[in-house]
Amino acid sequence: SLLTHLTYLPGLDDPRVSGSSPIAVSVVVDIGGPPAHQPDGTTVPMSPPTMARIEERVDLLARAPEVLLTLAPVPETLDALAAQDGQQSSALTALVDATGDRPVLARPYSDIDLAALGSSGLEAEADEQARAGADVVRDVFGRDPTSGIWLSGPTLGAEAARSAVELGTDRALVPPSAVGELPTSLAGPVPDAPVTLDGGGPLTMVSDAELGAHLTGEGGVLGAQRFLAELATMWFQRPTTPRAVVVHLPPDDEIDPEVVAEALRALTHGQAVRAVPLDEVFDDIAPDPDGPTTADLTGHEITDDLGTIAAPLGQARRDIGGVQGMVDSRDEADSLQRSLLLATASATPDNQRPAYVERVTSMLGSLEDAVDLPDEFRITLTSRTSTIPVNITNNSDGPLTVRVELASGQLEFLDGDVITQELQPGVTRLEVPVRIRTSGAFPLGITVTSPDGTVMLDQTTFDIRSTAITGVGFALAI
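Overview of the structure.

What counts, and where the lines are drawn
Residues numbered from 1 in each chain as written. Predicted model: local features only at pLDDT ≥ 70, side-chain atom pairs only at ≥ 80, totals over all residues. Heavy atoms only, no water. Helix = DSSP H or I, 4+ residues; strand = E, 2+ residues; numbered from the N terminus. Buried < 20%, exposed > 50% of the residue type's maximum accessible area, 1.4 Å probe, protein only. Contact = heavy atoms within 4.5 Å. Areas by Shrake-Rupley, 256 points an atom, 1.4 Å probe, with all protein chains shown as cover. Lys, Arg positive; Asp, Glu negative; His and termini not counted. Charge placed at Lys NZ, Arg CZ, Asp CG, Glu CD. Phe/Tyr/Trp six-rings, centres within 6.5 Å; stacked < 30°, edge-to-face > 60°. Pairing = 2+ DSSP bridges. Axes fitted to C-alpha atoms, helices over the stretch in contact; angles between N-to-C directions. Salt bridge = Lys/Arg side-chain N within 4 Å of Asp/Glu carboxyl O. Expected span 1.5 Å × (residues − 1). 1 Å grid on protein atoms, 1.4 Å probe; cavity = no way out; pocket = protein on both sides within 12 Å on 5 of 7 lines; lining within 4 Å. Points joined across faces, edges and corners; volume = space filled by probe spheres on them. Nonpolar A, V, L, I, M, F, W, Y, C, P; charged D, E, K, R; others polar. Parallel < 35°, antiparallel > 145°, perpendicular 65-115°, else oblique. Left-handed = near helix turned anticlockwise from the far one by under 90°.

## Concerning the overall build of the chain
Logical step 1: Looking only at helices and strands, one finds 14 helices and 18 strands in the chain.
Logical step 2: Taking the principal axes of its C-alpha atoms as reference, the chain extends roughly 115 × 45 × 40 Å.
Logical step 3: In the chain, which comprises 478 residues, the proportion classed as buried is 49%.
Logical step 4: Residue pairs at least 24 apart in sequence account for 76% of intrachain contacts in the chain once pairs closer than 6 positions are excluded.
Logical step 5: Accessible area of the chain: about 21400 Å², with a carbon and sulfur share of 49%.
Logical step 6: The positive charge centre, built from 29 side chains, and the negative charge centre, built from 70, are 6 Å apart in the chain.

## Details of the packing of aromatic side chains
Logical step 1: Scanning the entire structure with this criterion turns up 1 aromatic pair.
Logical step 2: Seen from their ring centres, Trp235 and Phe236 are 6.2 Å apart, and the 45° between their planes marks the pair as tilted.

## Description of the sheet that holds strand E18 (residues 456-466)
Logical step 1: The sheet built from 5 strands is open, its strands ordered E11-E18-E17-E13-E15 with mixed pairing. Strands at the two margins of the open sheet, each flanked by one partner only, are strand E11 (377-381) and strand E15 (418-423). For this sheet the average axis-to-axis angle between neighbouring strands, irrespective of direction, equals 30°.
Logical step 2: As defined by bridge partners, strand E13 (residues 400-407) adjoins strand E17 (residues 440-449) across 5 bridges and the pair is classed as antiparallel. Opposite Val404, over in E17, you have Val448 as the bridge partner.

## Topic: the pattern of salt bridges
Logical step 1: Under the counting rule described, the total for this entry stands at 24 salt bridges.
Logical step 2: Residues Arg171 and Asp283 are paired through a salt bridge, measuring 3.7 Å at the closest nitrogen-oxygen approach. Here the residue Arg171 occupies a position in strand E4 (residues 171-174), and Asp283 occupies one in helix H10 (residues 278-284), the gap between them amounting to 112 residues.
Logical step 3: Overall, the relative accessible area of 16% leaves Arg171 in the buried class.
Logical step 4: The class for Asp283 is exposed, based on a relative accessible area of 56%.
Logical step 5: Across the salt bridge formed by Asp304 and Arg353, the nearest N and O atoms sit 3.5 Å from each other. Separated by 49 residues along the polypeptide, Asp304 in the loop between strand E9 (294-295) and helix H11 (310-326) and Arg353 in helix H13 (residues 353-368) bring together distant segments of the chain.
Logical step 6: Here Asp304 falls in the buried class, since its relative accessible area comes to 10%.
Logical step 7: In the salt-bridge network here, residues are joined through shared partners; they are Glu125, Glu128, Arg131 and Arg317.

## Some remarks on helix H1 (residues 48-63)
Logical step 1: Taking 1.5 Å of rise per residue, 16 residues should cover 22 Å, and H1 covers 22 Å from first to last C-alpha, within 8% of that figure.
Logical step 2: Taken together, the buried positions of H1 are Thr50, Met51, Arg53, Ile54, Glu56, Arg57, Val58, Leu60 and Leu61.
Logical step 3: Buried residues belonging to H1 abut strand E1 (23-31), strand E2 (70-73), helix H2 (75-83), helix H3 (87-99), strand E7 (244-249) and helix H9 (257-265).

## Let's talk about empty space enclosed by the protein
Logical step 1: Taken as a whole and judged by the stated rule, the model has 1 cavity of 30 Å³ or more.
Logical step 2: As a volume, the largest cavity reaches approximately 40 Å³.
Logical step 3: Around the largest cavity, the lining residues are His37, Gln38, Gly41, Thr42, Ser335, Arg338, Ser339, Leu342, Tyr356 and Arg359.
Logical step 4: Elements with a minimum of two residues in the lining of the largest cavity: helix H12 (330-343) and H13.
Logical step 5: Its residues assigned to classes, the lining of the largest cavity shows 2 nonpolar, 6 polar and 2 charged.

## Digging into the packing of H2 against H3
Logical step 1: Direction vectors running N to C along H2 and H3 enclose 125°, while the axes themselves pass 7 Å from each other. Viewed along their axes, H2 and H3 adopt a mutual orientation that is oblique. Where H2 crosses over H3, the handedness of that crossing is left-handed. Each of Leu78, Leu81 and Ala82 in H2 lies in contact with H3, whose residues at this interface are Gln88, Ser89, Leu92 and Leu95.
Logical step 2: Of the residues that constitute the contact of H2 with H3, the class distribution is 5 nonpolar, 2 polar and no charged.

## Considering the environment of Asp397
Logical step 1: Within the secondary structure, Asp397 sits in the loop between strand E12 (385-394) and E13.
Logical step 2: Look at Asp397 and you get exposed, because its relative accessible area is 81%.

## Concerning the sheet that holds strand E10 (residues 371-372)
Logical step 1: Taken in spatial order, the 4 strands of this open sheet run E10-E12-E16-E14, and their pairing is antiparallel. The open sheet has two free edges, formed respectively by E10 and strand E14 (411-413), since each of these has just one partner strand.
Logical step 2: Sheet analysis places E10 next to E12, joined by 2 bridges and oriented antiparallel. Bridge pairing in E12 links Asp372 to Thr393.

This is the structure:
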């Protein structure tokens, strides 16, 4: 024998539900896995269990195309799938197709601990993570992600909550473990409307972990039916009060796509429940005056050790912008960027963080040694206008774009004193046209930097000797 639930809804003309308002149910489908980009710059394929979870979620999206779900993929995972061939790149294509025009949540490139970044003086890395994550979503899905919502881990902490607001993220989704005990209310243990986190935190929805467990547990079809029955029961307790529930499907929980899709399709019936995107919950559902409007955050323990990499990462971050303008290959520049992002990722083991940074600093060092100017030497000019030959050697295997700065108080540079030049491997000869302002001996300083001037590659001084007679000298001679 078995016990299941029968959901029986009264008609809309029933006086018990006159003027009823369906519960807004937002299902957030999380997709991600361990970092695939390694400290040496290579990308490893996703493991079979990770791929199984990803394909389950793709299947779910395809089976419930009419349900307004919110997709929350980890951008690093999307990046890694795009870098592979065969099954993994095909899974990414299928994910994009199955998502359709449903919203994709903005996330950092790889999940980070805002409190750990703040305690290490690396707050700016949060902006870099957000920018890189949004770029990946645009590249993969061809549109901007839904921004302004922070997806929290098991705990958040007051410091991280304030940091999220400072980053422009004024809304959040947290699990029940991230908030303290809430006042007893008609909503039960999980608020069914947004609450404000104490201490200046963002407006927050607390996900209903028990409801989500019916979809990800071993209950199968019975679990899905219980999921719907509990939603109907919640609605019938206060059918006229606008309320919301958020169900978060974690990335590593196994699901049965057919069963979950069947449950989610019931959210489109519209009388007791309606499926909505996550951002619509914050826009349409006001805090419940009969329930808690604020929530305390539980304590948060910082476990990411970022202090040892803070100084070298900060220096590498200052230099990497120049490198991105130098190298001809976008892939190489993006690879260096990924290494810095993964150095601060929460999923990165602490003993691997230095290796990610060292890869970047080593590459920066090799590029700084890639360009050579001639040693100091003397050039004699015999006419008022002439050209000065400058040989620049590119010791790398690929083309480099550089900025050549010229400085001399006695020379007028006819093409300007700053030249942007692409250097092919080997020696590139520049012919610099000049006009002499005075005769005699004087120095010419030459500096080669990255295009933005942040990375100094080499510099030298030419001793210029002019025997040309200037206009004033010619008049005096007459």
